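Report on the structure
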Protein chains: 2
Amino acid sequence: MKKEIILLQQEMIRLQVDYYLVPTSDYHHSEYISDYFKCRQYLSGFTGSAGTLLVTTEKAYLWTDGRYFIQAEQELSGSGIVLMKSGMDGVPKIADFLKAHMKQGETLGFDGKLYTAKEMEKLQRHLQDCQVIFRHDLDLVHPIWKDCDPLSCEPAYLLPEQYAGISISEKITGLRQFLKDHHADCQLLYSLTDIAWLFNLRGNDVANTPVALAYAYLSMTQAILFVQSGVLDSTSIQKLRQYHVDIQPYESFYAFIDSLSDTTMLIDKHDMNDASYQLLSNRLSCVEASGWISTEKIVKSEQELLNTKNCHLRDGIYMTKFMYWLKKTIKERNLSELEAANVIDQLRLSDDLALDLSFPTISAYGKNAAIVHYSVTPESNATIYPKGMLLVDSGGQYLDGTTDITRTFILGPVSKEEIKCFTMVCRSMLHLANARFLTGCRGSNLDCLARQPLWEAGYDYRHGTGHGVGHLLSVHEGPNNFRFRTTADNLDAVLLPGMITTDEPGLYTEGKFGIRTENELLCKKWKRNEYGQFLEFEYLTYVPIDLDGIDPALMSQQERTWLNDYHHQVYKKIAPHLTDEERLWLKEYTKEI
Amino acid sequence: MKKEIILLQQEMIRLQVDYYLVPTSDYHHSEYISDYFKCRQYLSGFTGSAGTLLVTTEKAYLWTDGRYFIQAEQELSGSGIVLMKSGMDGVPKIADFLKAHMKQGETLGFDGKLYTAKEMEKLQRHLQDCQVIFRHDLDLVHPIWKDCDPLSCEPAYLLPEQYAGISISEKITGLRQFLKDHHADCQLLYSLTDIAWLFNLRGNDVANTPVALAYAYLSMTQAILFVQSGVLDSTSIQKLRQYHVDIQPYESFYAFIDSLSDTTMLIDKHDMNDASYQLLSNRLSCVEASGWISTEKIVKSEQELLNTKNCHLRDGIYMTKFMYWLKKTIKERNLSELEAANVIDQLRLSDDLALDLSFPTISAYGKNAAIVHYSVTPESNATIYPKGMLLVDSGGQYLDGTTDITRTFILGPVSKEEIKCFTMVCRSMLHLANARFLTGCRGSNLDCLARQPLWEAGYDYRHGTGHGVGHLLSVHEGPNNFRFRTTADNLDAVLLPGMITTDEPGLYTEGKFGIRTENELLCKKWKRNEYGQFLEFEYLTYVPIDLDGIDPALMSQQERTWLNDYHHQVYKKIAPHLTDEERLWLKEYTKEI
């Protein structure tokens, strides 16, 4: 067994904990987490962005999803940790596993700050009959993790007016109205992106997500932002004070909530962490409701949409230039995954408004592309030859927005199977992007439009078709998305004009190749008639889909028209920003088929 | 104001009830209800199968859904009742309406036997802040409804072995295991179709649904069937006793549950009526869970599938003969909606195994077909001319199964618009019927496959694409269906092999025409590979889709192939059972396009 696990097991035995959970999470249920919070990775060695480790006094199990099966198998090899492939036949969910294995009187431990109140409520309800003991307050990892990085403490700032869209006071007024509507006096905020949105605050404490570590408290008369000392400059502090926002130390948050009394609190169990809920729920009068911010921020403002179109245009130019460079250079010499990633990363980061990448660039050649969330490292760095395909999934954080795009590039000879799959994935992306639908539709109602071209041929991809995209926030933003395995607990949002969602079907053959094609889609109004308000999508992403991978004979006339129309727009938007040589090339790669 | 409403309002004033609810329901939340329960129809005059009447001391409002807007407008005309079109912009839901209008201290009355516990729980939660008084025990309608029919009390019987599929004891054992799994001692059953399924019992107390009025109680040691005295013959009684089923009077049920104590009851709030819940919930220990029967009975047994295929074949022969007769006769003379309905009804009822129709036949000519659930009466009976279209939606209850089919027939000259719409509806039906999908899909994930051909042209139909079909039970059976406006509260079932769902898109132009094409689809396994178990549909319905309404130029090659394949099967299955003349005609109406 891996030595870090053995250390943990010794602590568990000392404290009489029989089962210990280590999720991939921080105190704010962020998707990307800063190094301080990478306990699961530290213990298991598995570097994927999703997974939960369960350690017993004798064994250890890691649950992760289909994106990471291949990667987890490799990284867990020799660790003694059992890989549990979530969603596969015969693999129990963690809750079911605990229910089946835990005996009456045994203790389940975890750090309650790393779970939302909802998650723990569900687990407790599920294990109700088992009569096991829950220990909500056990951080057993940081005490043994000697070389753990300290909490990130990067400078934070307020977004300039032209990028913020809506003012802080307008947003605070909206949230106060929501509290009033729910007969509540106050609310605590945990989500870093919600807090960033509310206060037009940005920072740099989480990789690829421009947010600052923070908590917040809003009542009818008070607004408190809890941030680490020294992260805000005096201008930002002054501005926040203008908006009557108090600033208090991040570390004082739990003492603050412990001091709250005689108030009715609006509680969103999907946002509040379990540790806080344990502190508050028995002491305060609580009103439960879903968060107002999480539904407000996904409908982008006019200003945000204007901005995001600008940044997507520049992002499209960088990607097109990258594609030109890649397809030209590979004819001259071999490349490597890292070199390719560096080229596109540098193009993006050279932008005047660039802050960061929106996630670590996936540059995956050949069989590596079958690892859905493959991340190139100096060790894995494969040589790229003038044959097969390179999958590049990447994006940027710009002051005017966030981008996410995937293209798969044909580098030389490819098999008939590869062409068939490449064409199928393109058809899949087009079918969803060209959907028209009535208001009331969720992404889960439309997901099968993307999957149908694959399903009818007996193929599938083991990931959602798409996710919401934040505006200068997390590149993955819920609750709008395209998936089909929904339940009453995780139903996705009804699609509304102003929402941005990715459309990224793929096909992966383990040990051979991987293909994914991703455009961002903006939901907007189409026609209104006696049936109601119809909606449709507008592309935000304009970069050629490599025609070298397309067999027009495998497409219907309708599908060819969709692709031609898209490429026509790509040329019109991107060509003016290219060199003569690049423009000639783009003409060819956006030609009618 | 209609005099029945005035009578009710006088009662309300006498009893100090400010708002009174009259749903379309019986004590068993049946969809079709027997005459005794048609209180809403008695009060309002609206004869549709769905709707809720809300009466205040001064006003009256009727909510109904898109299927009935036109019909309700006609039937409510002059009644003084305000029509509330559910789902339309600006029309509040009943709960929101009550929340907006009811004042603190006002009283809302209803008969709790007519609501499920879940429905009332939701309404009470919704009105929590209004501080209104709920009166759960007020049946104010039967006391004023002088000429109301008594409760139906028709003979009931046990299904012969060859039709039952699974034995009573096997089913009871299954339900007891479910109770055990949930640590419960007993359960009460309210749904007439659930009770019919569990005891292989059939009757004739509800129009078009071969069930008997009954309640049931099952514990680890007892099984009690509460039916009206005298409805069971001695053979059935004897058989039930063999299975250790006690028989008690229907009327004694509430006294029985009032006597229950010291037991842990499994409660399905979607099944138990509110009146019972009010009686029991504070007295007994309760475990909440969804009903086992309602999910078991929708996956048909091998025997049921074998039987239903037989009855669908015969039903297809009758419909095909009807189509032949209709299209031939209309060339010779005018017809009427009633005459057409009588012809198909008589064909079905002449079947050796026929028990009843599965719902009142819809025979709707021309603009009448735009009224989605139009029901022909001697007053409305339109003359059918050799032009335009006739929509016939009908089905049978046979000892070996239940059928539901809609065809729209071209009777002579039709407009270009009608041909376009007819072809579009056919494409819509075909797209869903030919879907292939992974296990885990719900009908709500697939619904848009049917709607896409319409939506992309800016059309829609204001009803679900399809509903589950019971086996010699209700023709509408949940929770599998095809819809898209799902919420966490009404999520449809994950589709499984053995489920039967209708596929019935349509198009309706008020004042002009209506088109609907409906086949029943059986869900079954397709291929299994590394992605999981794929599923597909098999048609149960084999009747030509009128090629006179089809413009092949408006269909893709794929769509034409789907239609040709279907018609090829229709010919193969139906032709051997026709006269020479009919067979020649069928050849023409199933020809390749």
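Just so we're clear, the structure is a prediction, and the values are computed from it rather than from any experiment.

Things to note about the overall build of chain A
Scanning chain A from N- to C-terminus turns up 18 helices and 30 strands. Computed over its C-alpha atoms, the radius of gyration of chain A comes to 24 Å, within 12% of the 25 Å expected for a compact globule of 593 residues. Expressed along its principal axes, the backbone C-alpha trace of chain A runs to roughly 70 × 55 × 50 Å. Counting across all 593 residues of chain A, residues that qualify as buried make up 60%. Here the analysis covers contacts within chain A between residues at least 6 apart in sequence; of these, 69% occur between residues at least 24 apart. Carbon and sulfur atoms form 50% of the exposed surface of chain A, whose accessible area is close to 22,900 Å². Separation of charge centres in chain A, based on 59 positive and 78 negative side chains, amounts to 4 Å.

Notes on the layout of surface pockets
The gaps of empty space that remain are located by a probe, the size of a water molecule, rolled over the atoms. A volume near 760 Å³ is recorded for the second largest pocket. Surrounding the second largest pocket, 31 residues form its lining, His-431, Ser-556 and Glu-559 of chain A together with His-431 and Glu-559 of chain B being those nearest its centre. Counting only elements with at least two residues in the lining of the second largest pocket, the list comes to helix H15 (416-433), helix H16 (443-455) and helix H17 (557-574) of chain A together with helix H15 (416-433), helix H16 (443-455) and helix H17 (557-574) of chain B. Across the lining of the second largest pocket, the residue classes break down as 13 nonpolar, twelve polar and six charged.

Digging into the interface of chain A and chain B
On the chain B side, the residues contacting the 41 residues of chain A number 41 residues. Counting the surface lost from both chain A and chain B, the interface buries some 3,200 Å², and carbon and sulfur atoms represent 50% of this. It is Asn-445, Trp-455 and Tyr-531 of chain A that lose the most area in chain A upon contact with chain B, and together they represent 19% of the buried surface on that side. Arg-528 of chain A serves as the salt-bridge partner of Asp-89 of chain B, at 2.5 Å between the closest nitrogen and oxygen. The tally of links from chain A across to chain B stands at 18 residue pairs in polar contact (both at pLDDT 80 or more). Looking at the side of chain A that touches chain B, the elements that each hand over two or more residues are strand E23 (436-438), H16, strand E27 (506-509) and strand E29 (519-529) of chain A. Among the elements that take part in the side of chain A that touches chain B, H16 of chain A stands out by supplying seven residues, more than any other.

Considerations on the nonpolar core
The biggest cluster of nonpolar side chains holds 173 residues, and the ones touching the most others in it are Phe-437, Leu-446 and Phe-537 of chain A together with Phe-437, Leu-446 and Phe-537 of chain B. Those residues in contact with Phe-537 of chain B, other than ones at most four positions away along the chain, are Leu-432, Ala-433, Ala-435, Phe-437, Leu-446, Phe-482, Leu-495, Leu-521, Leu-522 and Cys-523 of chain B.

Re the relation of the copies chain A and chain B
For the pair chain A and chain B, the relating rotation is 180°, the translation along its axis is 0.1 Å, and the fit reaches an RMSD of 0.0 Å. Accordingly, the operation relating the two chain copies is best matched by a two-fold axis. Here 100% of the contact residues of chain A are again contact residues in chain B; the copies associate through an equivalent surface.

Description of the side chain of Asp-404 of chain B
Residues and elements named next belong to chain B. Note on placement: Asp-404 falls in the loop between strand E21 (401-402) and strand E22 (405-410). Here His-467 takes part through its side chain, which lies 3.0 Å from a polar atom of the side chain of Asp-404. With residues up to four places along the chain from it excluded, the contact list for Asp-404 reads Phe-359, Asp-393, Ser-394, Gly-395, His-467, Val-475, Thr-502, Glu-504, Glu-518, Glu-520 and Thr-541.

Section: the domain arrangement of chain A
All names here are of chain A. According to the domain assignment, chain A consists of domain 1 (3-135), domain 2 (157-296) and domain 3 (302-589). Put simply, the middle of domain 1 and the middle of domain 3, counted by C-alpha atoms, are 33 Å apart. At the interface, eleven residues of domain 1 touch 14 residues of domain 3. Regarding the contact of domain 1 and domain 3, the summed buried area is about 1,100 Å², with carbon and sulfur atoms giving 57% of it. Sorting the residues of domain 1 by area buried against domain 3 places Tyr-32, Arg-67 and Ile-70 first, and these three jointly supply 51% of that buried surface. Linking domain 1 to domain 3 there are one salt bridge. Its salt-bridge partner being Asp-489, residue Lys-122 comes within 3.2 Å of it at the nearest N-O pair. There are two residue pairs in polar contact (both at pLDDT 80 or more) connecting domain 1 and domain 3.

Overview of the sheet that holds strand E16 (residues 354-357) of chain B
Residues and elements named next belong to chain B. Read across the sheet, three strands follow the order E16-E20-E21 without closing on themselves; strand pairing throughout is antiparallel. Looking at the sheet topology across the chains shown, the edges are occupied by E16 and E21. Sheet topology note: the E16/strand E20 (residues 396-398) ladder contains three bridges and is antiparallel. By the bridge assignment for E20, Leu-357 is matched with Gly-396. Docked against the sheet, helix H14 (residues 337-349) engages E16 and E20, running at close to 155° with respect to E16.

Description of the state of the cysteines
All told, the structure shown has zero disulfides over all chains when counted by the stated rule. Take Cys-311 of chain B: it sits in no disulfide, and the sulfur closest to it among the cysteines is that of Cys-523 of chain B, at 19 Å.

Digging into empty space enclosed by the protein
All names here are of chain B. In this structure the tally under the stated criterion is six cavities of 30 Å³ or more. Approximately 70 Å³ is the volume attributed to the largest cavity. Taken together, Tyr-20, Leu-21, Val-22, Pro-23, Tyr-27, Phe-37, Cys-39, Asp-111, Leu-114, Asp-139, Val-141 and His-142 make up the lining of the largest cavity. Residues of the lining of the largest cavity, tallied by class, amount to nine nonpolar, one polar and two charged.

Description of the packing of aromatic side chains
Applying the stated criterion across every chain, the model contains 60 aromatic pairs over all chains. Relative to Phe-134 of chain A, the ring of Phe-110 of chain A has its centre 6.1 Å away and its plane inclined at 80°; by these criteria the two rings are edge-to-face. On the criterion of sequence distance, the pair formed by Phe-110 of chain A in the loop between strand E5 (107-109) and helix H5 (117-126) and Phe-134 of chain A in strand E6 (residues 133-135) is long-range, its members being 24 residues apart. By relative accessible area, which is 0% here, Phe-110 of chain A ends up buried. One aromatic cluster is present, formed by Tyr-190, Tyr-215, Tyr-217, Phe-226, Tyr-250, Phe-253, Tyr-254 and Phe-256 of chain A through successive ring pairs. Positioned above the aromatic ring of Tyr-398 of chain A, the side-chain terminus of Arg-314 of chain A is 5.4 Å from the ring centre. Directly above the ring of Tyr-254 of chain B sits Lys-113 of chain B, whose terminal nitrogen or CZ lies 5.1 Å from the centroid.

Section: the environment of Cys-311 of chain B
All names here are of chain B. Looking at the secondary structure, you find Cys-311 in helix H13 (residues 302-329). Take Cys-311: its relative accessible area is 0%, and that puts it in the buried class. Remark: the alpha-carbon pair of Cys-311 and Tyr-398, spanning 87 residues in sequence, is separated by 6.8 Å. Other than its neighbours up to four places away in sequence, Cys-311 contacts Tyr-398, Asp-400, Gly-401, Thr-402 and Thr-403.

Some points on the sheet that holds strand E13 (residues 264-267) of chain B
All names here are of chain B. Read from one edge to the other, the open sheet built from six strands follows the order E12-E11-E10-E8-E13-E14, with strand pairing classed as mixed. Of all strands in the sheet, those with a lone pairing partner are strand E12 (246-249) and strand E14 (285-288), marking the two edges. Direction aside, the axes of adjacent strands within the sheet are offset by 25° on average. Of the strand pairs in this sheet, strand E8 (residues 186-189) and E13 are connected by two bridges, and their pairing is parallel. When the sheet's bridge partners are listed, Gln-187 is paired in E13 with Leu-266. In the packing of helix H7 (residues 168-181) onto the sheet, contacts are made with E8, strand E10 (214-219), strand E11 (223-227) and E13, and the angle to E10 comes to roughly 60°.

Conventions we followed
Residues numbered from 1 in each chain as written. Chains lettered and ligands numbered in written order. Predicted model: local features only at pLDDT ≥ 70, side-chain atom pairs only at ≥ 80, totals over all residues. Heavy atoms only, no water. Helix = DSSP H or I, 4+ residues; strand = E, 2+ residues; numbered from the N terminus. Rg over C-alpha atoms; globule rule 2.2 N^0.38 Å. Buried < 20%, exposed > 50% of the residue type's maximum accessible area, 1.4 Å probe, protein only. Contact = heavy atoms within 4.5 Å. Areas by Shrake-Rupley, 256 points an atom, 1.4 Å probe, with all protein chains shown as cover. Lys, Arg positive; Asp, Glu negative; His and termini not counted. Charge placed at Lys NZ, Arg CZ, Asp CG, Glu CD. 1 Å grid on protein atoms, 1.4 Å probe; cavity = no way out; pocket = protein on both sides within 12 Å on 5 of 7 lines; lining within 4 Å. Points joined across faces, edges and corners; volume = space filled by probe spheres on them. Nonpolar A, V, L, I, M, F, W, Y, C, P; charged D, E, K, R; others polar. Buried area = accessible area lost by both parts, 1.4 Å probe. Salt bridge = Lys/Arg side-chain N within 4 Å of Asp/Glu carboxyl O. Polar contact = N/O pair within 3.5 Å; in protein donor to acceptor, adjacent residues only side chain to side chain. Core = buried A, V, L, I, M, F, W, Y, C linked by side-chain atoms within 4.5 Å. Least-squares fit on C-alpha atoms with pLDDT ≥ 70 in both. Domains from an automatic or database assignment. Pairing = 2+ DSSP bridges. Axes fitted to C-alpha atoms, helices over the stretch in contact; angles between N-to-C directions. Disulfide = S-S within 2.5 Å. Phe/Tyr/Trp six-rings, centres within 6.5 Å; stacked < 30°, edge-to-face > 60°. Lys NZ or Arg CZ within 6 Å of the ring centre and 35° of its normal.

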